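Here are the chains, one letter per residue:
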Amino acid sequence: EPEVTQTPSHQVTQMGQEVILRCVPISNHLYFYWYRQILGQKVEFLVSFYNNEISEKSEIFDDQFSVERPDGSNFTLKIRSTKLEDSAMYFCASRGQGAGEAFFGQGTRLTVV
Amino acid sequence: QQPVQSPQAVILREGEDAVINCSSSKALYSVHWYRQKHGEAPVFLMILLKGGEQKGHEKISASFNEKKQQSSLYLTASQLSYSGTYFCGTAINRGNEKLTFGTGTRLTIIP
């Protein structure tokens, strides 16, 4: 069964450093999302991406965040200057055409120290 | 505004039934239900669309009251594997369908 894959599974970084989280969505999917989940809390929407551009972003997704689909298969989330409060599990999700379920990757646990 | 889930937590004995509710103050296009086990990704269970269409696992049932913007997930004859946190995610637009998740319902099944 096709799945969304994310790398790395765990990333530890120093405050102020840049990190790039990588995702390979399901191949024929068209809508791509990043969500985050702070430990013990609910899943929060960050950004959605369709047709090679951001379609919607939340207030969390400020100028420190950016997304790219550099080569038609990967989907990346970059945090330019990490803060302690960016520590969370980051999930990538993808969805096909039409109304349907979003499939989530296994997540990247980001720890900012 | 995030959907409100109830109850926040429930403990069941194996074989018992449970209902988890999700309500929104906004007009919804779809409601999505996910189960998440500790340290894992949310796993899709069910999607309910405005107009009555549903897609999901055979052993899961749910309802969507469009007038009240409420959805309920029905777990019958619960098994140990049903333990986890259940989230509803709501979408107000067709197309993008970004999900706004509720705070979750922690379900614990005991033998």
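Anything mentioned here points back to the structure above.
Residues numbered from 1 in each chain as written. Chains lettered and ligands numbered in written order. Predicted model: local features only at pLDDT ≥ 70, side-chain atom pairs only at ≥ 80, totals over all residues. Heavy atoms only, no water.

Asker: Explain the interface of chain A and chain B here, please?
Answerer: Interface size, as often reported, equals the accessible area lost upon joining of the parts. The partner chain B presents 22 residues to the 22 residues of chain A that form the contact. Here chain A packs against chain B, burying approximately 1800 Å² in sum over the two surfaces, 56% of which is carbon and sulfur. With its nearest N and O atoms 3.5 Å apart, the salt bridge here joins lysine 98 of chain B to glutamate 56 of chain A. Viewed at the interface, chain B and chain A are joined by five residue pairs in polar contact (both at pLDDT 80 or more). For the side of chain A that touches chain B, the secondary-structure elements that each account for two or more residues are β4 (31-37), β5 (43-50), β6 (53-57) and β9 (88-95) of chain A. It is β4 of chain A that provides the largest number of residues to the side of chain A that touches chain B, a total of four residues. The class makeup of the residues in the side of chain A that touches chain B is 10 nonpolar, eight polar and four charged. (Contact = heavy atoms within 4.5 Å. Buried area = accessible area lost by both parts, 1.4 Å probe. Salt bridge = Lys/Arg side-chain N within 4 Å of Asp/Glu carboxyl O. Polar contact = N/O pair within 3.5 Å; in protein donor to acceptor, adjacent residues only side chain to side chain. Helix = DSSP H or I, 4+ residues; strand = E, 2+ residues; numbered from the N terminus. Nonpolar A, V, L, I, M, F, W, Y, C, P; charged D, E, K, R; others polar.)

Asker: Mind showing me how you'd approach the pairing of strand β3 (residues 19-24) of chain A here?
Answerer: Looking down a regular strand, the side chains alternate between one sheet face and the other. Residue and element names in this part refer to chain A. Here β3 shows a buried face lined by Val19, Leu21 and Cys23 and an unburied face lined by Ile20, Arg22 and Val24. The pairing of β3 with strand β8 (residues 75-79) spans five bridges and is classified as antiparallel. By the bridge assignment, arginine 22 is partnered in β8 with threonine 76. (Buried < 20%, exposed > 50% of the residue type's maximum accessible area, 1.4 Å probe, protein only. Pairing = 2+ DSSP bridges.)

Asker: Explain the state of the cysteines here, please?
Answerer: By definition, a disulfide links the sulfur atoms of two cysteines through a covalent bond. Residues and elements named next belong to chain A. According to the stated counting rule, one finds two disulfides over all chains in the structure shown. Between the sulfur atoms of cysteine 23 and its disulfide partner cysteine 92 the distance amounts to 2.0 Å. Its S-S torsion of approximately -60° makes the covalent link between cysteine 23 and cysteine 92 left-handed. A residue pair is termed long-range when its members are at least 10 positions apart, and cysteine 23 in strand β3 and cysteine 92 in strand β9 qualify at 69 residues. The buried category is assigned to cysteine 23, whose relative accessible area is 0%. (Disulfide = S-S within 2.5 Å.)

Asker: Whenever I open this one, the pairing of strand β4 (residues 30-36) of chain B confuses me. Can you help?
Answerer: Residues and elements named next belong to chain B. Among the seven residues of β4, seven are classified as buried, and the element is accordingly described as predominantly covered. Alternating positions in β4 separate into two faces, Ser30, His32, Tyr34 and Gln36 on one and Val31, Trp33 and Arg35 on the other, with burial throughout. Two elements, β4 and strand β5 (residues 43-49), share six bridges in a ladder whose sense is antiparallel. By the bridge assignment, tyrosine 34 is partnered in β5 with phenylalanine 44. Between β4 and β5, which follow one another and run antiparallel, lie six residues, and glycine 39 among them has a positive phi close to 80°.

Asker: Sorry, what's going on with the pattern of salt bridges here?
Answerer: Pairs can form between side chains of opposite charge once their charged atoms are near each other. All names here are of chain A. Scanning all chains against the criterion turns up three salt bridges over all chains. With a closest N to O distance of 3.2 Å, arginine 36 and glutamate 44 form a salt bridge. For aspartate 62, the salt bridge identified is with lysine 83, shortest N-O distance 3.9 Å. Taken as a pair, aspartate 62 in the loop between β6 and β7 (65-68) and lysine 83 in the loop between β8 and β9 lie far apart in primary sequence, 21 residues in all. Aspartate 62 gets classed as partly exposed once you look at its relative accessible area, which sits at 31%. For lysine 83, a relative accessible area of 32% gives the class partly exposed.

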